[in-house]
Structures are given as C-alpha cells and as structure tokens.
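Secondary and tertiary structure notes
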Amino acid sequence: MYVIGERINGMFADVKQAIREKKADVIQELARRQMAAGAWALDVNVGPAVADGKGAMLWLVETIRAVSDAPLAIDTAKWEVMAAVVPQVPGHVILNSSKADPEIAAKYAGLAAEHNGSLIGLTIDAAGVPGNSEKRVELGAQLIATAMEAGLPTDRLFIDPIILPVNVSSKTPVDCLEAIAQIRAFSDPPPHLLLGLSNVSQRCSNRGLINRTYLSMCIAKGLDSAIMDPLDTELINSAITAELLTGKMIYCDSYLEAARSSKQ
Amino acid sequence: MTMPDVSEKWTGKINTLTLGATSASGGTRTGAVTIGGASTLPFLSFEGEVGNRPAIAVDVLDGPPEGWPAPLVKAYGDAFSSPAKWAKKAVGFGADLICLRLANAHPDGGNRSPQQCADTVKEVLGAVGVPLIVWGCGIDAKDNQIMPAVSSAARGENLLLGSAREKNYRTLVALGLADGHKLMAESPCDVNIAKQVNILCTDAGYPLENMVIFPTTGALGYGIEYVYSIQERGRLAGLGGDRLLAQPVLADVGAEAWRSKEARDPQFACVTDQTRPLWGVAWEAATATFLLQAGVELLVMRHPDAIAQVRAAIGRLMPAAK
C-alpha cells in the first residue's frame, strides 16, 4: 500500500500556524512521524494559510527535505504554483493533481514526465464530479491515454476516482469501488488507484471506523494507494490486513510488524 | 513477427551471504563460501541474475554413525573413527563446507559436555580449511548449554549455527552477534513460520542479511512436491519484495534421502545385488537436484557419488561464465 501522508496540510490548525510563523520543527516532526508510521510519501498542501501559495510551498518543500528524502506530493489546484514548484523539488515529486480534461491533463502529465515524477489524475472534468461509476471509468481511461501520449509511464500515474463524504452521497462509495476495479483492468501495467480517503468520512461520527472499513473494501477492489493519515495506527493495521487477505503478502503471526519492517 | 518478451521482472533479490572467514577477515579458513544473490527464479539466466552457485556441505558427525547404510560406510571407510579424519575425507569428496552435527551431545546419547563439543569443533576446524556449519543435538535445553561453548571456541570463524526455532532462538541470536556467526532459522516446512522465525530473530537484534532459511524437508517420495510448493511460495515472495523471505535456503538432503526405504533397502523387482548400492546414491542426487529447482542455495549431503552427480547438474544448469 503506497500511503501518502496527509498531515502536512494548511487545513490543519497546527500546520497553518507553522506556515504562518515559519516554525520548521513542527513540519519536520510531522514529516518524520508520518514516515516512521508507515507513509511512503508525503502530501504537501499550503491550504488557506497564507496569500503567497508559491512561497509557502517552496518553504515547506525545503523544510521537509532537510529531514526526509521521501517523495513529495505537491498538492495545489493552481497550475502556476505547480509549474513553479515542481522543478525545484529535489528527489521524487508527485503532482497532486490534474483534472481529466485532455488539454489540462496533457500539461500536467508533460510536467511530471519532464521531471521524472508521478501524477495524480482526478476523474473530474469541466462537468464536475461524475455521478456514476461509468463516467469515472471513462475519465480514468482518458487520463491513461493522455499520460501515455505525454510520455508518462502508466506506473507513474495515480488515478483518483473521487470519493465524496458518505453523509453527502450514499452512492459514491459504491461507484468508486466499481470504478477502481474497472480502471485497474484497463492497461498492463495498470495505473495506481488512489483515494483521498479521509474525505469519505468528512463531518461524520465514527470517522476512524468509516475510513478503515472503506479502505479495506477498496483494497479488495484493487486500490493500492491512498492519501490518508498514517498516524492512525488502526487504519494502517487495516490496510496491512486487507493486503494480507488479498494475497499481497505471506502470513506470519507478526505480520503487522513484518509489513512495517519491510518498508524500511 | 517479433516474439513478445514474457520474462518476469522481480522487485526483490535474494540476499548474498558469506560463510567462513579467512585470516584476512579474522578467521582461519583457507577459503570462504558465498551463496545467494539471485534476482530471479533458479537458473533462469535469461530473466535476471542467477546469483552464486549453490554450495554443497557434507555431513560429519561427532562420533561414529550408528545404523548408516552400507554404501555410506563403504565410501567413508575408517574415516568415521574421528571427526577430523571424516571431515578431511569429505573435503576430498568435494565438500564446499563441513556440516558438523553434535549428535552425541544428546542427553539420551553420549550426553557430551559443552567443553567436549567445543573441542570437537576445534578439532574439525584444525583438520580442514573449509567453512563449517555446526548443528546442535536438537534438544533445546542441551543446545542452549553446548552452543555458547562452541560459538566462543570458534569466534571469528563465521560459522553457520543451527538452528534458531520459533520457541528457541534467543541463545543463538546472542551467540551469532557476540562471536560473528551466521544463523540458520528453522521452520517445519511452513512458510508462515519461516517468516515468523526471521522476524523474531530480527526483533532480537539479529541482522536479516546474516540468516539462512532452513525449512525441514523430505526426500523424494516423501511429500517432496509439498516441500517444493512451500519453498516456491517463499521464493516468489522474496523475489516479490518480502525482505523477510529473501534469505538463501538450506536443505538437509543427505539425512532425509538416506532415511528412506528406497535408499536403504529398495524392494523393487528390478533391484539386483549389483544395482542395490546405487539406489541410495540416486535417491540422494535426485532429491538434491529437485530441491535446487525450488531455489535451494545450500545442500547438505553424504555420498561422494551423489555429490559428484549434483555438482555436474549444477554445472549444466549454470555453465561457467564466458
């Protein structure tokens, strides 16, 4: 499971304050803790913290790089921030994210390919978030085609079928499950299938339980990556167990520990 | 029309491990033996690196063997009279390593003392220059007494100590760390337990890259297909990136093959007095070559003719580098 740690995001109060006051130790501690807890990569999102999104993003990248060489997912909706920051990220960079419209996705995929990075493509287009699984699959196929044309190998493309909170749409979780299985079957090697997991439980109670139950269901359908909270031990345990039960690893009594130690 | 490339690409690689230490590395061996290193299934040189050549260790006991069949008695002659002579004979048969079994430490056998065991190890180290595998008597309580003496007597020799098991691994882990020896992790032909023993040893501080997996095996005709499938599962996981199953594997071939009825006393209609002694050799060689195909890097064997046949088979499967 390719876990992208979600905690360095200006939506969180501690991160927002750290960005405003340039408190590097807060960010670095979050980077270290997430990696130690099982993350493979770190999402980096300035959020609404400051007006200068580009400057703040560069500061975050530099601050994290002082303590970790983990792949960094540059999380911004603004092309000018993405285009300015990506060339300046040492090590592996993940572009988070592009919509599926070919003219947009081609730009992002080209930038990712140019810097040997990866791209997260959303199954959203000008018409918005699809209301069914079929449209998600169609946009997924479109993203794969666009990435290939731009020279980005499929195994560096993450497709996010877009999960909505279960209290907003009770149908979306099922649509995403179907889309994951179908998009995965499109090409060989398949693209990675990814979710912004925590969104499924926004403003719900029992958030942890909803997150880990849904993650297990998605892994059964072929999800192999998520932007999620690696500091949630039970969530990581569920991910490891779901991978065990889908034949991704050999059982042993200490399989949770074995999976964690295999990461290093 | 071009043929599509159907070769597998693996993300993992089997660890490389060296046994024995020459004077340059703090021991007294005249040579060291390196095994492992494959990045694909056994002998598939068109897919990846096949790694080092499988090595053959030859059994030596700490006293004359009881009940060994005639072909083995004939091959070794009076060499059974002392472990040193026996080891020299085995090296003459082409042993890459000596596998010394301290069987007479068994409480129901000779019940030899830790000091006696250590002396035997030193005797064999003095007699031959090849690296050693040293196995206890299989009784945990006794092994935990004799192995410390053995380990410290051979400090720096980079032995392979056998064997750490799920219920008894702490002593050997401590000895391996203190005296610079490698460790054999034993499991009853069970990939889940093999993985578990490895994680237990690493949790206790022992480096994963210094371990050898020892899944108990059976001889040809005694469930060897099952042994193969277990070994294959472990190897596929190791090549697929499971670090806890990416260790070289040892198979105890000689003891298993020569225990079988077919090797000791073949009852088939076609057996004549002339061919009777060949059955055991064939059984041992066939068991060994079969297990090589499953991805075994270290074979423990007994009969010189079987050793020669297996060596020739390895030569055919891994031609010398051009």
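Definitions and cut-offs
- Residues numbered from 1 in each chain as written.
- Chains lettered and ligands numbered in written order.
- Predicted model: local features only at pLDDT ≥ 70, side-chain atom pairs only at ≥ 80, totals over all residues.
- Helix = DSSP H or I, 4+ residues; strand = E, 2+ residues; numbered from the N terminus.
- Rg over C-alpha atoms; globule rule 2.2 N^0.38 Å.
- Buried ≥ 20, exposed ≤ 12 C-beta atoms within 10 Å, placed from the backbone.
- Contact = placed C-beta atoms within 7 Å.
- Core = buried A, V, L, I, M, F, W, Y, C linked by C-beta atoms within 7 Å.
- Pairing = 2+ DSSP bridges.
- Right-handed = clockwise from strand over helix to strand, strands pointing away.
- Axes fitted to C-alpha atoms, helices over the stretch in contact; angles between N-to-C directions.
- Parallel < 35°, antiparallel > 145°, perpendicular 65-115°, else oblique.

Next up on the list: the overall build of chain A. Looking only at helices and strands, one finds 10 helices and eight strands in chain A. A compact globule built from 264 residues should have a C-alpha radius of gyration of about 18 Å, and chain A, at 18 Å, falls within 12% of that. Counting only C-alpha atoms and orienting by the principal axes, one finds that chain A spans roughly 45 × 40 × 35 Å. Burial status across chain A gives 47% buried among its 264 residues. Taking as baseline every contact in chain A between residues at least 6 positions apart, the subset at least 24 positions apart corresponds to 67%.

Before going further, it helps to examine unusual backbone geometry. Residues and elements named next belong to chain A. The step from Asn96 to Ser97 runs through a cis peptide bond, and the omega angle for that step is 15 degrees. When you line up the elements, Ser97 lands in strand β4 (residues 93–98). Put simply, Asp188 and Pro189 share a cis peptide bond, and its omega is 5 degrees. Its place among the elements puts Pro189 in the loop between α7 (172–184) and β7 (192–196). Phi at Lys22 takes a positive value of approximately 50 degrees, unusual for a residue other than glycine. In this structure, Lys22 sits in the loop between α1 (13–21) and α2 (24–37). Its 11 C-beta neighbours within 10 Å are what place Lys22 among the exposed residues.

We now examine the nonpolar core. In this structure, Leu72(A), Ala57(B) and Ile98(B) are the most contacted members of the largest nonpolar core, which totals 177 residues. For this core, the element with the highest residue contribution is helix α10 (residues 276–293) of chain B, accounting for eight residues. Sequence-distant contacts of Ala57(B), defined by excluding residues within four places in its chain, comprise Ala95(B), Asp96(B), Leu97(B), Ile98(B), Cys99(B), Ile133(B), Leu298(B), Leu299(B) and Val300(B).

This brings us to the pairing of β7(A). Residue and element names in this part refer to chain A. The buried count for β7 comes to five of five residues, which makes it a mostly enclosed element. Residue alternation in β7 divides its side chains into two sets, His192, Leu194 and Gly196 and Leu193 and Leu195, and both sets are buried. Relative to β7, strand β6 (residues 157–160) is paired through two bridges, and the arrangement is parallel. Across the sheet, residue Phe158 finds its bridge partner in β7, namely His192. Regarding topology, α7 serves as the crossover connection from β6 to the parallel β7, and that connection is right-handed. Here three bridges tie β7 to strand β8 (residues 225–228), and the two strands are oriented parallel to one another. Considered in β8, the bridge of Leu195 is made with Ala226.

What follows is about the packing of helix α4 (residues 140–153) of chain B against helix α5 (residues 170–179) of chain B. Residue and element names in this part refer to chain B. With their axes 10 Å apart at the nearest point, α4 and α5 run at an angle of 10 degrees to one another. Between α4 and α5, the angle falls in the class roughly parallel. Contacts from Asn144, Met147, Pro148, Ser151 and Ser152 in α4 reach Thr171, Leu172, Leu175 and Asp179 in α5.

Remark on secondary structure: sheet strands pair via backbone hydrogen bonds, oriented parallel or antiparallel. Ordered by their spatial adjacency, eight strands build a closed barrel running β1-β2-β3-β4-β5-β6-β7-β8 (chain A), and the pairing between neighbours is parallel. Each neighbouring strand pair of the sheet contributes to a mean axis angle of 25 degrees, computed without reference to strand direction.

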